Structure formats: structure tokens, C-alpha cells
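Descriptive structure summary
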Amino acid sequence: MMKKRRISASEASLVLFLCQMISALDVPLDSKLLEELSQPPTITQQSPKDYIVDPRENIVIQCEAKGKPPPSFSWTRNGTHFDIDKDAQVTMKPNSGTLVINIMNGGKAEAYEGVYQCTARNERGAAISNNIVIRPSRSPLWTKEKLEPNQVREGDSLVLHCRPPVGLPPPIIFWMDNAFQRLPQSERVSQGLNGDLYFSNVQPEDTREDYICYARFNHTQTIQQKQPISVKVLSTKPVTERQPVLLTPTGSTSTKVELRGNVLLLECIAAGLPTPAIRWIKEGGELPANRTFLENFKKTLKIIDVSEADSGNYKCIARNTLGSVHHVISVTVKAAPYWITAPRNLVLSPGEDGTLICRANGNPKPSISWLANGVPIAIAPEDPSRKVDGDTIIFSQVQERSSAVYQCNASNEYGYLLANAFVNVLAEPPRILTPPNKLYQVIADSPALLDCAYFGSPKPEIEWFKGVKGSILRGNEYVFHDNGTLEIPVAQKDSTGTYTCVARNELGKIQNEVQLEIKDPTMIIKQPEYKVIQRYGQVSFECIIKHDSTLLPTVIWLKDNEELPDDERFLIGKDNLTIMNVTDKDDGTYTCIVNTTLDSVSASAVLTVVAAPPTPAIIYARPNPPFDLELTGQLERSVVLSWIPGDENNSPITNFVIEYEDGLHEPGVWHYQTEVPGTQATVQLKLSPYVNYSFRVIAVNKIGRSQPSEPSEQYLTKSATPDENPANVQGIGSEPDNLVITWESLKGFQSNGPGLQYKVSWRQKDVDDEWTSVIVANVSKYIVSGTPTFVPYEIKVQALNDLGYAPEPSEVIGHSGEDLPMVAPGNVQVYVINSTLAKVHWDPVPLKTVRGHLQGYKVYYWKVQSLSRRSRRHIEKNILTFRGNKTFGMLPGLEPYSSYKLNVRVVNGKGEGPASPDKVFKTPEGVPSSPSFLKITNPTLDSLTLEWGSPTHPNGVLTSYILKFQPINNTHELGPLVELRIPANESSLILKNLNYSTRYKFYFNAQTSVGSGSQITEEAVTIMDEVQPLYPRIRNVTTAAAETYANISWEYEGPDHANFYVEYGVAGSKEDWKKEIVNGSRSFFVLKGLTPGTAYKVRVGAEGLSGFRSSEDVFETGPAMASRQVDIATQGWFIGLMCAVALLILILLIVCFIRRNKGGKYPVKEKEDAHADPEIQPMKEDDGTFGEYSDAEDHKPLKKGSRTPSDRTVKKEDSDDSLVDYGEGVNGQFNEDGSFIGQYSGKKEKEPAEGNESSEAPSPVNAMNSFV
């Protein structure tokens, strides 16, 4: 039989008793096996205990369960049977217990309020859900009341009462003004926990008539508004200072009860002038670190995750320069029940014993009651094998009829816990789950693990045989694991063969065969060597390998641990790497890696690139190897090695490297021992026991390393007990019911003697007093089976050999295997912040249910459909992971006006837990994207036709399009802006009554109820003559070319003041055109810097004429000629020209002087005085004088004019009691604390120009007539 740890005879009876009490079968997670085994029902998913539903949507009460055979479901409502067949509005999902109550087709949510409980039943028992309390959410309207204006003297205190309507759940309160801006709060003015607005002292700036309290009901996504409150502050001089007085709480003491795990909020708000400062202390103790937060300008003390230790007296002190006042709040922390030990499922064999333990704590102490199959155990059918002892049920000599589901209920006045745990009695013959004739391939001298996964009830005994008729395997050369696995720590060639696993219990016997093949290790028998090569030379590295003939090796070469450069100079052969034409960048380390399906080996060598030596050259080379190695002064732990250095070959030896070979443990393998300076030829070496040493020496200079010396004589040291224990001891479970203890095995020479073994010891932390130990062969792993899921263990591993033990090892803490989390996060809430961002909250799962290291939470969310298009698409789920024990996260990048679903899952090292119920939320409307296009066609004398496409992303329901346009005169000045609102269902428009031959600029955007989207711009020109339109035209381009320049001239027909440009390039070339700008409106230009004797192409264009250009012309410059140096200053014609210019300037100066003395005006000034237009020169708002005209570019807004037509005013409607009608776009959302983001009216982009404040467009004809 398999060899286990030895126990003394005195321990035998105790161990036998414990095994009988706690033994239970572990069912492997094999899908085929699970389908065949009978199992009582298990509730896998259910709705939360307190379930608040949206009264406008269908009610879904979840109840999912598994079992074999599949369970049937039934429900109770308010303690009595709920017959769903008699209610047409209620249906149950197929193969599920989940109820769907149809509210959207006429049902009333209020009619289905009550307490619901689900029962899942099959032939082996019945499991029940929690009591699920269904309540529809409520968001009542504010009670109408007449609010009197508040008149208060400056410096006095003031409280503005909110008194919101009672909703379910309670609303979030915030204060804003008529412009939907959050009212600023400070140490002087702040909102209390009850929603009232407190003024410690009022100031003149507090006078206003629009203090408005808002209540936001998140469940129904509605907002209710209280009527505005008016406050008028009466100024008094001087203002009397006052010492602090508490506004809330009143009196000197008060009490507060809070539940364990909740957030404790204590508040103190004081009146006084100057404004009092608040300080908090805990009498007789300190405020808990890391859990205490001061909020609302230190007026609120917040302690998270409170426990019974947080009970006590908390004092708030309000102080200013005139005195202080304090208040003591006596806090008592109670606790709803919480688990200490929840009952766990039992799988037993007939005749076995077991226990169900249910332990919970709370304040007050909870009472424990048991149910069997949903019935109180006192009135349940009797079972002779069952005995109830308080919080424990003891089972003795169970039979198959003892299978049942038991419920433990722990309750006190603050809540209850309900847990289902089944007892499943199975009688099953052995089964082997490992596939038959499975082939295992292992490299020689490596461990071999042969699996024999099994199941049976009672638990089968496992035996291993080699060969079909071989003898049973025993001895230290084998390790037998509790899960049936056979381990051969050091597999040799003779280990090859067939191995048979036999499983037997009293109901039967079964066997399975597996095959083991031992492969030769892969070796590099010719390794690459260090190379020094001159630039532009050739170098080759060898890598000759030896491998098992049945394995296919692959060889990879790396340079500096990266892939070889993509360079044809690198040639990879079968056994070598060759580098041609070596350069400096080829310097580095080259590695040959050989991989097979079972192992991998590698070897490296350095390439040094040196410059070519001058002539005559001194030859530098690696040193010759040392020789005449001699050992002297032999002791148990040391020896003296000496040698004679070889020739240094013109490069001084910098150091010697000493290596050793252990002929006893690793013959043929050389290890680094130490190194000494190049001036030293002897060294004392420290030795380890039980090693057969040989030494060799390598000399090193700047060029490289010498060949190793010949080995020294051998020296065998005496054996001793191990000096050290294995390092890196760890305990990490690979399965929920095991603990895998691993360590780094000692190297051969570290064993200090023959017979190296390990003593592995473990015990459950804080539970076991005695250590469990086992001695194993020279391996690096031991698996402890049958452990509880994810509990801490103390672990130690001690080395020993034939001479004794190593020193006592240190203890490490490990954990048994993790299992998937049991429950989903509860109370998942989604708060839509704006149209692209939402915040999700959830309650953390109890750490006991994580069953592993809590890594965080994952939020799965996906778009269901767009609310504007009503079209479904392929669902792409997004996943966000929030590390640690976070309880909220932000969901960015949402699409506006869309419906989303999400769920939350807890994650541990094993994986993800169950998903929370899908939460549906909708993003509000946003502003649309720009229209997909804007085309302007069919120009006439006074009209243009506009066509457009709807926005690609409407982000809501389009309400209208906004068209703005204005004329542009010949000096690029913008005229008055005209605005038109166009219905959303239109896609074209004919603009009439426009001026002829006039350029217009158009700005076009779409609107939703939230606001305007981004705009698209376009320009167009009305024609000059309807009979024969005059289009811009450039013709008759002529060139006159010289050696290095050319004169270009042309004729132009079209609007005045066109800005021309000349484009040119070499004829027949594919290069881009070169562009030269023509100053002014000239019709000629000189191209300079041309290449003589070259053919050029040229064309002329006009800026702003929609890409209009002339046809191309080709010219050729003259041939290059010898340069003639002419001094132009000596030419007679030049001197005469300069004299004429000087005379003309003198005459102009005289004329200007005469006109100035006569008070004359320049023509430009006369024109400005004669044609002053108030539309172009807006008046300043303060003194009525004309301001400067803004010559801004198209994208800058014009300054506002001072005149507004009397018929263009827009009335603002009075606000309603609810803000729902304002929509919930990007600019109308709330922050986490309830404040608005932006304004409900929507934030518009800056327009290119504004003519007036009106939202209605003036007549296009009038607008054009006002423009010059």
C-alpha cells in the first residue's frame, strides 16, 4: 500500500473519531461525472432581499437552481402558496424559477408588493431562497405651500428648510438657482444631512429670490423642485459679533445607533459671527485611522465600515473668537447577523458520519434555527441518523434516504442570514476519470507524474502496478499522491513502460493503463565560442546539437536576447551562424537556443569587433591557458590552488577565473567558483562537504578569455549534515481542496552527503496545534489533499541526509486552493452622470464568500440598442476591471440616447464569481454631430438651393436645423448674420431675395432638445446676370522667358479684387507644383530663379474661386551664357531715371503740404464720412459712440450691434415643478453630489458671427440692403 505519515498509537483513536465526524467525499469537477450523479437542489441565483423595482417596468424576481434531476420550482407570497397559473400577468421562465410580472401591459406594481420566497425541489430535497421583499419605487410631487420671503438682519443665522417628499428610496437633495447653477457652499453656508440649507451668519451677498431645493429620485430618474425661496438681508451698522450656537443637533447630548459595516455620519452645524470652526474628538479614545473622513467643511464626521469598537461618545466643538459650544453624541453600534461558519454541503457514503455546522454572530446575539427541505426541523419527517445540537447537526450511519437539503436561519432584530446546505448520500462503484492508454513523455532524470483521477463512494483505494501483470509499486523511489497521481521523482530509461492504476471499494473494482516514454535530453555538444574579428571580416559561430531521435528540434539564434537584424549579411546554416562583412554594430552576445516539445537548451558567445591593425601591427590575442595546477593545504572545508600563467599575447592579464567540476553529482559540468586579479597565481578556496572537486583556471585580458587549463587532481571532501534548507518555500493550492507545497531543491553539492531527502511539515494556522509531517525523496513538490478551501497554513521544509538534519527551518504562510467566488455583488446601482459617462455602485461581497485572494471586481456592460434608431446590432460586451475592494467605478465612452445593460462580478485568483442581475440604464440625449454634408446648387440672381444630409450620430431626437448666413464683400468683411430654424424632417431649402453677384457664407448645424451640435460651413455666390452668367475666367496666359526668369501675363474676367497666384513646375515632371502669390490684383508676374535651358509648365489661379485655374502653358528658358559684369551705376540711362524719380517725389511732397494747410481731406476719409453705416460700425454700449470695426477672420465672432428689432424678443417660459422636461443631455447632467454639469439649456458653440440677440431670422432682403 501507499506510504503515508506515521502516527503514534495514542493518536489513533482521536484521529479515527475526527475522520468519522468530518469525512466527506470530494466530487471531481468532471462534467460527465456530474451529469450522472444525483444531487439535491442548490440555489445559484436569487434577487436581493430588499428589492425596490421601477413601477414602470416589468418586475423580474430571480430564482435559479441546479440539481440532478433538474429541480422544479414553486413560490410563496406573504407566507402562502402563490399560484402563478391563476394570474395572467405572472409567468415563470422555462427551466427556471424566475418570475416575470408584466407591468408594461396593464399590471400595477403596487398590487404585487409583498414578501416572496422560492422553493427548488427534486427527489433528493428542497432548497429555499431568501425572503424577497418587493416594493415599487416612489417619487411623489412636492406639496404645494406658500413661502413667505425671509427677511433677516446681517450677521444673524438662517435655516432654509427643504422638507422633500418622502420617496422610496429617499431622494438626493441639492440646492440651485434659477439658472440651474449649484449654489456655492462654504464654512459659512452649507447643506445639512436632512437637506436644509444652513447659514451660520448671513451677508448682504446672500440676498436673492431663487433659493431652490431639488430632490432627485434616482430609481425613477426624476427630479422634483421646490418653489423658490426669497431671502433679503437687512444691512445694519455696526454688525454685532456673536458666540457660537448649535443649529443642529439641538441640546447638549443626543444618541445614534448604527449597524456594523455601515457608514456612520455625525453632523454639527453652528451659528455665530465670526463663522465658527468645527472640531471632532472621541471621548476616551482616538478616531479610527484610515476610516475617518471630515466632510462638508468639517461639519460632518464620516466613519466607514463601523464595528462594535467604534461605539462611544463623540464630541463636536464649535469655536470662534468669542467662545465655544459643544455637543456629545452617544453612538451605539449594533450588528445584523454575520457568518462565522456557514454550513457546507456534505457528500457521504452509506454508513458514514458527518456534521453540518452553522455559526453566526451579531449584536444582539442571533438565534439559530434549522429547517429540513424548507420545513422547520421540529415538524420535518424524522431521520434516525440525524441529531440536532444547537448550531450543529450530527449525522451517524447515514443511508441513501438521509439525503436532504438543510437550511440554517440566523436572525436578530436587525436582519437574518439563510444558508442552504445539502447532505447527499451516494453509493457509487469506482470510476477512473483519466483517459485510457494516455501517453506521457518525459526527459530522462526529470520527474514523471502519471495521473489516475478517480471517484467512488465509499472512497476507493488506489494501487499502481508496472506492466499488466507486474507487482504492486512500493518504495521511496515513488511518491503516491492522495488524488491518485503516481510520481517518479527521477525518471530513468528503464522507467519506460506500461503502468496500471487500480481503484477498488466494496462496490467494485476498475483499472486503467497509461504509457510512459523516457526521452534523451537535448544537448549542445559544440557550443559557440568567443570571437574577436576585425571590421569588414567574416565570422562564424557553431552550434552542434544532440537530441532524442523521436523529437524534432528547432534552432533559434538571438543577438543580445533579441531577434537577429533583418540583414542579408546574417546567414543561418544547419549547425552555424555566419556574419559577412562585419561592422561595429554587430558587436554583442549571440545565443543559440534549441527547443523541442519537452525541453530547451541554449548557449551564448560574445563577438568583439576591433579595428583593422595598422602596418606593421602588434598582434593582440587572448592569453594562453594557465598550466601546472597544484592543490596543497587540503582541509575539510578549504584547499589552496596554485598555477603558472600562460603567455599574455601583448595584452596584460586582468584576472583569473577559477571553475570547479563535481565529479560525484554533475560530472562534465563546470561551475564558476571565484576569480582573482591577474597579478595573483594562488588562491585559497572554500569547499562544501561530499563533493569530488576538480579545478581549472581561465586567464582573461582585454581581448577575451583563454582556453581552460587542464583540470587539477581530484579532491573528495567528507560528508556532513546539510548546512541549509531549501529556499523559496511556498504553499499555493492548485485545487480548492489541496495545498501544493513547493521549494527549490538543494543542488548536488549542497546536500553535504548521500541520501538527500526533505521533511515537509504543515499545520492549519490558528486551528491545528500539532504539525503533520512527511519525508519525501529528493523532489521539489508535495501535494496535501483534502484541505478546506482557501485557509492559511504554516509550512516548513527541512533538508536531511544519511548523517542527519539541517538546522530548524523558518516557517512560511501559505494558503490552500482557491475556489470561484460564491456570490455576486449586491445592490448594483447605476448613476447616469451625462450622456457619455455613468457611475456604477455595488455592495462588496463578504470576504468569506470570495474563497480566495480578492483581486477586484469586473463590470460587464454592453449597448442594447440606440433609442433614436430603434435598431439592434451585434452586442459587444465591454469589460472594466477595478482592482482591490472598490465599490464603484466610472463607465466612460458611452453613446448618448442609448439603452445599456451591465452586471458586476467579483474576481479572485481562481476566476470570476457569478454575475449580478443585469442592470438596465439609459443614457440621455446629447448634442448631435454635424450634418453629414451641405451642398449649395442652382445659383440665380437672388436665390440659392441648399441640400444637406442628416447627422451621422444624431445622439437623440432631432428637433430642428439652424441655418445662419451672412454676405462677404470684396474686402472680405462680413455682413449682418441671418438665422433660420428649419424643421428636422427637411433636407433641402431654397433661399430667395438674396443680392445678385454676392458671396455668402453659411453655417449649418442640427439640434436636439439638449442643444446644438457642431456646425458645417460653406460659401456660395449668386450670379451677376441671369441671361448670361459671368463665371470667373482666366485666359490668354502668355510667357516671355529669359535665361533665369520669365514674365507671365494673363487676362481675367470675373468679380473684382481677385487674389491671383502662379503655379509652375518642370514640364513632364511628376513633382508637385510650386506656387507663387501675386501681390494685389495685377495681371502679370515675374518668375525668378529658373534653370537655364529648361522647359517649364505654368498656370494661373485665383484664391477663393473654388479651385478655378487657367489652362497650362509651356515655355523654355534660354541657354546659359557667359556672365557679363556691368556696373549699372555708371550707365547714363540709369542716372537719368533716378533724377526723374527724385523730382517727382519733391512735387508730390509740395502738393500734400499745400492741401494739408488748406484743411482738405483724403478721398478715403471723405468716403468713410459719406457712407458711415451703424450696422458695420457698432455703437459702444456705454456711451453710444461708434466702436472699432472688427476685421476678424471668418471663424471669429463679430462684435454685437446696439440695435435689436422690437419684434424679435423671445419670452422665456416659467419653469415647471419638475426638471424632467429639460432632458438629460451632456450639458444637463448631475455630478455625484447632485450638482448640474453645464446648464439645462445646453452649451452652444461660438458662432462665427452674431448680428443680434434674437433667435428669429430677419428678412434676407432687409439684411442684404443693410450691407455695403
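The following paragraphs examine the structure supplied in this document. Given the structure is predicted, the values throughout are model-derived calculations rather than measurements.

**Thoughts on the pattern of salt bridges**
All told, the structure shown has 35 salt bridges when counted by the stated rule. Note that Asp819 is salt-bridged to Arg851, the shortest N-O span being 3.5 Å. Note that Asp819 is positioned in the loop between β71 (812-815) and β72 (826-834) and Arg851 in the loop between α3 (847-850) and β74 (854-866), a separation of 32 residues in sequence. Taken together, the shared-partner salt bridges connect Asp177, Arg208 and Asp210 into one network.

**Overview of the sheet that holds β74**
Taking strand neighbours across the sheet as the criterion, the 4 strands line up as β75-β74-β77-β78 in an open arrangement whose pairing is antiparallel. Where the open sheet ends on each side, the last strands, each with one partner, are β75 (878-883) and β78 (919-922). Pairwise comparison of adjacent strand axes, ignoring direction, gives a mean angle of 30 degrees for this sheet. As paired elements, strand β77 (residues 898-908) and β78 share 4 bridges and run antiparallel to each other. Within β78, the position partnered with Ser899 by the bridge is Lys922.

**Observations regarding the packing of aromatic side chains**
The final tally for this structure, using the stated rule, is 22 aromatic pairs. With a centroid separation of 6.4 Å and an interplanar angle of 40 degrees, the aromatic rings of Tyr1000 and Phe1002 are classed as tilted. Both residues of the pair, Tyr1000 and Phe1002, belong to the buried class. Taken together, the aromatic side chains of Tyr660, Tyr693 and Phe695 make up a single cluster linked through ring pairs. Across the ring face of Tyr338, the terminal group of Arg260 is positioned such that the distance to the ring centre comes to 3.7 Å.

**Some thoughts on the environment of Ser47**
Mapping Ser47 onto the fold places it in the loop between β1 (39-46) and β2 (50-53). Exposure remark for Ser47: the relative accessible area of 3% places this residue in the buried category. Counting along the chain gives 83 residues from Ser47 to Asn130, while the straight-line C-alpha distance between them is 8.5 Å. A polar atom in the side chain of Ser47 sits 2.7 Å from the backbone nitrogen of Gln62.

**Some words on unusual backbone geometry**
Along the chain, Leu168 connects to Pro169 via a cis peptide bond; the corresponding omega equals -10 degrees. One can find Pro169 in the loop between β13 (158-160) and β14 (172-176). The residue after Leu273, namely Pro274, is reached through a cis peptide bond having omega 0 degrees. If you trace the backbone, Pro274 turns up in the loop between β23 (269-273) and β24 (277-282).

**Things to note about the nonpolar core**
With 30 residues, the main nonpolar core has Ile59, Ile61, Trp75, Ile101, Tyr116 and Ile134 as its most contacted residues. Those elements that place two or more of their residues in this core are β2, β3 (59-61), β4 (63-68), β5 (72-77), β8 (99-101), β9 (114-122) and β11 (132-136). Top contributing element to this core by residue count: β9, with 3 residues. If sequence neighbours within four positions are ignored, Ile61 has contacts with Ser47, Tyr51, Trp75, Gly97, Thr98, Leu99, Ile101, Tyr116, Ile132 and Ile134. Formed by 22 residues, the second largest nonpolar core is a distinct cluster that contains Ala448, Ile462, Leu486 and Ile488.

**Here's the deal with the sheet that holds strand β35 (residues 392-395)**
What the 3 strands build is an open sheet, ordered β30-β35-β34; its pairing is antiparallel. Strands with a single pairing partner mark the edges of an open sheet, and in this sheet they are β30 (354-357) and β34 (386-389). Neighbour to neighbour, the strand axes of the sheet diverge by 20 degrees on average, direction disregarded.

Procedures and definitions
All residue numbers here refer to positions counted from 1 along the written sequence of the relevant chain. In keeping with the predicted nature of the model, local features appear solely for residues at pLDDT of at least 70, side-chain atom pairs appear and are counted solely at 80 or more, and the whole-chain, interface and lining totals rest on all residues. Excluding hydrogens and water, the side-chain values take into account all heavy atoms of the structure. Should a side-chain nitrogen of Lys or Arg be within 4 Å of a carboxyl oxygen of Asp or Glu, the pair is scored as a salt bridge. The numbering of helices and of strands both runs from the N terminus, where a helix is a DSSP run of H or I of at least 4 residues and a strand a run of E of at least 2. Strand pairing is assigned whenever DSSP detects at least two bridges linking the two strands. To obtain each axis, a line is fitted to C-alpha atoms, and for helices this fit is confined to the stretch in contact; angles are then taken between N-to-C directions over 0 to 180 degrees. Pairing of aromatic rings covers Phe, Tyr and Trp, the last counted by its six-membered ring, and requires centre-to-centre distances within 6.5 Å; plane angles under 30 degrees mean stacked, over 60 mean edge-to-face, and any other angle means tilted. Between buried and exposed lies partly exposed: a residue is buried under 20% and exposed over 50% of the maximum accessible area for its type, with that area taken using a 1.4 Å probe on protein chains only. Criterion for a charge above a ring: Lys NZ or Arg CZ within 6 Å of the ring centre, and within 35 degrees of the ring normal. Identification of polar contacts relies on pairs of N or O atoms within 3.5 Å, with a donor-acceptor requirement for protein atoms, meaning one able to donate a hydrogen and the other able to accept it, and with residues adjacent in sequence counted only if both atoms are side-chain atoms. In plain words, nonpolar cores are sets of buried Ala, Val, Leu, Ile, Met, Phe, Trp, Tyr and Cys residues tied together by side-chain atoms within 4.5 Å. The contact criterion used throughout is that any non-hydrogen atoms of two residues lie within 4.5 Å.

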